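What follows is the residue order along each chain.
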Amino acid sequence: MPIERDSPLNSKLITPHWEHFEHKADIGIRGIAPTLEQAFEQAAIAMTAVVTDPNLVSDATAITITCTAPDTELLLASWINELIYEMAVHGLLFKRYQVAIDNGKLSATAFGAAVDQQKHQPAVEIKGATFTELRVYQQADDAWVAQCVVDV
Amino acid sequence: MDTSQFIQRDETCWEIKPKGAMRVPAIIYADEQLLQDMDQKVYEQLTNVATLPGIVEAAYAMPDAHWGYGFPIGGVAAFDPELGGVVSAGGVGFDISCGVRTLHTGLNITQLEPHKQALADALYRTIPAGVGSRGKIHLNHKAMLGMLTGGAQWALEQGYGEEHDLERIEEHGCMAGAEPHYVSPKARERQKDEMGTLGSGNHYLEVQRVSKIFDPAVAKVFGLHVDDVVISIHCGSRGLGHQIGTEFLKDMAMSAAQYQIVLPDRELACAPLNSPLGKHYLGAMRAAINCALANRQIITHLTRQAVASVFPGLHLDLLYDVSHNTCKLEQHTVNGQKKSLFVHRKGATRAFGPDHPDLPDVFKKTGQPVLIGGSMGTSSYVLCGTKASEQRAFSSACHGAGRAMSRSKATQQWQGRTLIEQLAAQGIIIRCPSMRGVAEEAPLAYKDVSAVVEIADRAGLARKVARLEPVICIKG
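Worth saying up front: this structure is predicted, and the values here are computed from it rather than measured. (Residues numbered from 1 in each chain as written. Chains lettered and ligands numbered in written order. Predicted model: local features only at pLDDT ≥ 70, side-chain atom pairs only at ≥ 80, totals over all residues. Heavy atoms only, no water.)

Trainee: With reference to specific residues and values, describe the overall build of chain A.
Mentor: A count of helices and strands for chain A gives 3 helices and 8 strands. In sequence order, the secondary structure elements of chain A are arranged as β-β-α-β-α-β-β-α-β-β-β. Here the C-alpha atoms of chain A give a radius of gyration of 15 Å, agreeing with the 15 Å that 2.2 N^0.38 yields for 152 residues. With respect to the three principal axes, the spread of C-alpha positions in chain A is 45 × 35 × 30 Å. Across the 152 residues of chain A, 61% fall into the buried class. Partitioning the intrachain contacts of chain A with sequence separation of at least 6 by distance along the chain shows that 63% fall at a separation of at least 24. When the accessible surface of chain A is totalled, it reaches about 5,900 Å², and 49% of it is carbon and sulfur. Between the mean site of the 10 positive side-chain charges and the mean site of the 20 negative ones, chain A shows a separation of 3 Å. (Helix = DSSP H or I, 4+ residues; strand = E, 2+ residues; numbered from the N terminus. Rg over C-alpha atoms; globule rule 2.2 N^0.38 Å. Buried < 20%, exposed > 50% of the residue type's maximum accessible area, 1.4 Å probe, protein only. Contact = heavy atoms within 4.5 Å. Areas by Shrake-Rupley, 256 points an atom, 1.4 Å probe, with all protein chains shown as cover. Lys, Arg positive; Asp, Glu negative; His and termini not counted. Charge placed at Lys NZ, Arg CZ, Asp CG, Glu CD.)

In structure tokens:
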């Protein structure tokens, strides 16, 4: 099923932002933004914030990421999982992202830097994005919300 | 949660009768207080598990159950392949074969006391812990294959440990049926530099003092006496297990319709045991169990080196090694008939009782050691399997305390450095690369492990043998 997208005028007023939400054992990540792509970018910043303060991370290194999924929710989980993989294998943390989504395919650039134990004081490694509270939807004000719980 | 939703079967057994799509009842072992404190999500998740095809007897939750992913953490469910039973990646979890291993040191607390700081430093230097930590071992393709097939036995062949370690590990240190060709290149890539590392979050290595013996006869067989010093290691299959869990969760979620499985929650993604996808997952999951067993074996080797640098000539023997995130093929009696069942334990420990054929001779009379990890700064417990546990929950017990508070709430409430000072005043040394990590793992962010263990004992899931108190904790 193709991913439908709509960015009505009023949603442009919403500043893209992220937040964490409660889960007893772990932590929920949520991105809220005028567009689906920005909501995915914000959710990914929320993911970095589980590990460290994103403001402490520089954006000197860029890597590209692509993934596909049959629906937007699985696409969000796949996107976060690709980032977790890159963080684990290359010892990176990401500060910001540029995401494009077209017909179930996500193409992105993630900007970040190598983990510095002293500077970043990373709290936890993230094991994976779960399907718990996995939701991608448009609010009444047309803002896009992209969220899931990550296992740490 | 509201206890009126249950039928109380006995002091510690609470049942939800099958309703809606549930194929079997759901049963929680708890006292009234623990049950009231449990999240309503445990009820929802357990009743969802009870709807899965081929489930046998009941969906069980241990006294430490809390909101997990699809399955509650502390969930146990057995599936019969002859009845269309399934295997669920969510029912095993991301950290496949996460578990606890306990080592005897041969020291008592008086002998340790003058060398506590030196031992804490040596352990912290020797065992890689925390985010982004790498081991000194690099696995090439051949070594990866050997590790995924051989587990702790492979580690032994590489010089990490001794032959007699193996009988003190579930599966004799090597999970049969591993099929490394179903482990993706990405999962291998994620693991190639992570062997012998603790990881982060609630993973740790802890030096502990035996503070109380509950069952002197069994404690004697386990080699435990009051004031003995032991070392416990809590970790799992690292990046490899996480990647396998991630990939199969997605594959199973996408294939559910093809197998005509109705998922009440996508996180319960599963595949028939007899399907190609189910078999591929079992092969990969068993390889991940071997990865966890090899990892704990290598950490044991590093621990022996660190201890020997402070106490030359001292030798550390294993008490036992248990896994608490697995799906294993076991023989169980259901309605008087022997059945081969695939038992999922998600945050639950296997607890085979006396005379179980899979136990080594040393534990034939006592049942297996059941190792229950506490949280930083709180007690841990050693229990033993009971014969009654077979009928209670397919020979399973709890695995730890379970969180009482989210990570974000914990960081709002405590500061890492203050916690370390408070624990130091109690004589507990903490070493951790991240102060925020310490705050997130604050002792009071977890439930009272003693209450959980008490109920596991009273419910007959396992019997209390000894209590352990922390002396040094190396946090991942």
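Trainee: I'd like to hear about the sheet that holds strand S5 (residues 105–114) of chain A, residue by residue, with values.
Mentor: Residue and element names in this part refer to chain A. The strand order across the open sheet built from 3 strands is S3-S5-S4, with neighbouring strands paired in antiparallel fashion. Every interior strand has two partners, whereas the edge strands, strand S3 (61–68) and strand S4 (92–102), have only one. Within this sheet the neighbouring strands show an average axis-to-axis angle of 20 degrees, counted without direction. Both S4 and S5 contribute to a ladder of 10 bridges, which runs antiparallel. Residue Tyr97 lies in a different strand from S5, and its bridge partner there is Ala110. Across the face of the sheet, helix H1 (residues 36–51) comes into contact with S4 and S5 while running at roughly 160 degrees to S4. (Pairing = 2+ DSSP bridges. Axes fitted to C-alpha atoms, helices over the stretch in contact; angles between N-to-C directions.)

Trainee: So what about the layout of surface pockets? Which residues, and what values?
Mentor: Residues and elements named next belong to chain B. Counted as a void, the largest pocket has a volume near 360 Å³. Considering the residues around the largest pocket, the lining is formed by 17 residues, among which Gln331, Lys338, His356, Pro357 and Glu390 are closest to the centre. When residues in the lining of the largest pocket are grouped by element, the largest group, 5 residues, is from strand S12 (residues 325–334). Taken together, the residues of the lining of the largest pocket sort by class into 4 nonpolar, 7 polar and 6 charged. Roughly 300 Å³ of volume is contained in the second largest pocket. (1 Å grid on protein atoms, 1.4 Å probe; cavity = no way out; pocket = protein on both sides within 12 Å on 5 of 7 lines; lining within 4 Å. Points joined across faces, edges and corners; volume = space filled by probe spheres on them. Nonpolar A, V, L, I, M, F, W, Y, C, P; charged D, E, K, R; others polar.)

Trainee: Describe the environment of Pro180 of chain B, and please don't skip the residues or the numbers.
Mentor: Residues and elements named next belong to chain B. Assignment of secondary structure puts Pro180 in the loop between helix H6 (152–157) and helix H7 (185–191). A relative accessible area of 8% means that Pro180 is categorised as buried. Between the C-alpha atoms of Pro180 and Met144, which are 36 residues apart in sequence, the distance is 8.8 Å.

Trainee: Go over the packing of H1 of chain A against helix H2 (residues 72–90) of chain A with me, naming the residues and quoting the values.
Mentor: Residue and element names in this part refer to chain A. At a minimum axis separation of 11 Å, H1 and H2 run at an interaxial angle of 40 degrees. Between H1 and H2, the angle falls in the class oblique. In this structure, the crossing between H1 and H2 has a hand that is right-handed. Two secondary-structure elements touch here, H1 through Leu36, Phe40, Ala43, Ala44, Met47 and Val51 and H2 through Thr72, Leu75, Leu76, Trp79, Ile80, Leu83, Ile84 and Met87. Residues that form the contact of H1 with H2 fall into these classes: 13 nonpolar, 1 polar and no charged. (Parallel < 35°, antiparallel > 145°, perpendicular 65-115°, else oblique. Left-handed = near helix turned anticlockwise from the far one by under 90°.)

Trainee: Give a description of the interface of chain B and chain A that names residues and reports values.
Mentor: Opposite the 45 residues of chain B that make contact, chain A presents 45 residues. Summed over both partners, the interface of chain B with chain A buries about 3,800 Å², with 52% contributed by carbon and sulfur atoms. Three residues stand out in chain B for area buried against chain A, namely Trp67, Tyr69 and Val131 of chain B, and they jointly supply 19% of the buried area on that side. Of the charged contacts in the structure, one is a salt bridge between Lys186 of chain B and Glu82 of chain A, with a shortest N-O distance of 2.8 Å. In this structure, the connection of chain B to chain A is made through 22 residue pairs in polar contact (both at pLDDT 80 or more). Contributions of two or more residues to the side of chain B that touches chain A are made by strand S4 (55–69), H7, helix H9 (238–255), helix H12 (407–413) and helix H14 (435–440) of chain B. The leading source of residues in the side of chain B that touches chain A is H9 of chain B, at 8 residues. (Buried area = accessible area lost by both parts, 1.4 Å probe. Salt bridge = Lys/Arg side-chain N within 4 Å of Asp/Glu carboxyl O. Polar contact = N/O pair within 3.5 Å; in protein donor to acceptor, adjacent residues only side chain to side chain.)

Trainee: A description of the environment of Ala271 of chain B should follow, citing residues and the corresponding values.
Mentor: All names here are of chain B. Examined against the element boundaries, Ala271 turns out to sit in strand S10 (residues 270–272). The class for Ala271 is buried, based on a relative accessible area of 0%. Between the C-alpha atoms of Ala271 and Ala256, which are 15 residues apart in sequence, the distance is 6.8 Å. Ignoring sequence-local partners within four residues, the contact set of Ala271 consists of Val86, Val87, Met252, Tyr259, Ile261, Leu277 and Gly278.

Trainee: For the pattern of salt bridges, give the residues involved together with the corresponding values.
Mentor: Residues and elements named next belong to chain B. Considering all chains together, one arrives at 37 salt bridges over all chains under this definition. Glu454 is the partner of Arg458 in a salt bridge, and the nearest nitrogen-oxygen pair spans 3.9 Å. With Arg458 and Glu454 both in helix H15 (residues 449–458) and 4 residues apart, this pair spans about one turn of that helix. Taking the relative accessible area as the measure of exposure, Glu454 reaches 27% and is therefore partly exposed.

Trainee: Let's hear about empty space enclosed by the protein: which residues, and what values?
Mentor: Under the criterion given, the structure shown has 6 cavities of 30 Å³ or more. The computed volume of the largest cavity comes to approximately 440 Å³. Residue lining of the second largest cavity: 20 residues in total, with Met87, Ala88, Glu125 and Ile126 of chain A together with Val131 of chain B positioned closest to the centre. Those elements that provide at least two residues to the lining of the second largest cavity are H2 and S4 of chain A together with H9 of chain B. Looking at the lining of the second largest cavity residue by residue, the class counts come to 10 nonpolar, 4 polar and 6 charged.

Trainee: Quick one: what's the story with the sheet that holds strand S3 (residues 26–29) of chain B, residue by residue and with numbers?
Mentor: Residue and element names in this part refer to chain B. With respect to topology, 7 strands assemble into an open sheet ordered S1-S2-S3-S4-S5-S13-S12, the strand pairing being mixed. Edge positions in the sheet fall to strand S1 (7–10) and S12, since each has one partner strand and no second. Put simply, the sheet's adjacent strands are angled 25 degrees from each other on average, direction ignored. Relative to strand S13 (residues 337–346), strand S5 (residues 71–79) runs antiparallel, the two being bridged by 5 bridges. Counted as the bridge partner of Ala77 is His344 from S13. Sitting on the sheet, helix H10 (residues 276–310) touches S12 and S13, and the angle it makes with S12 is about 110 degrees.

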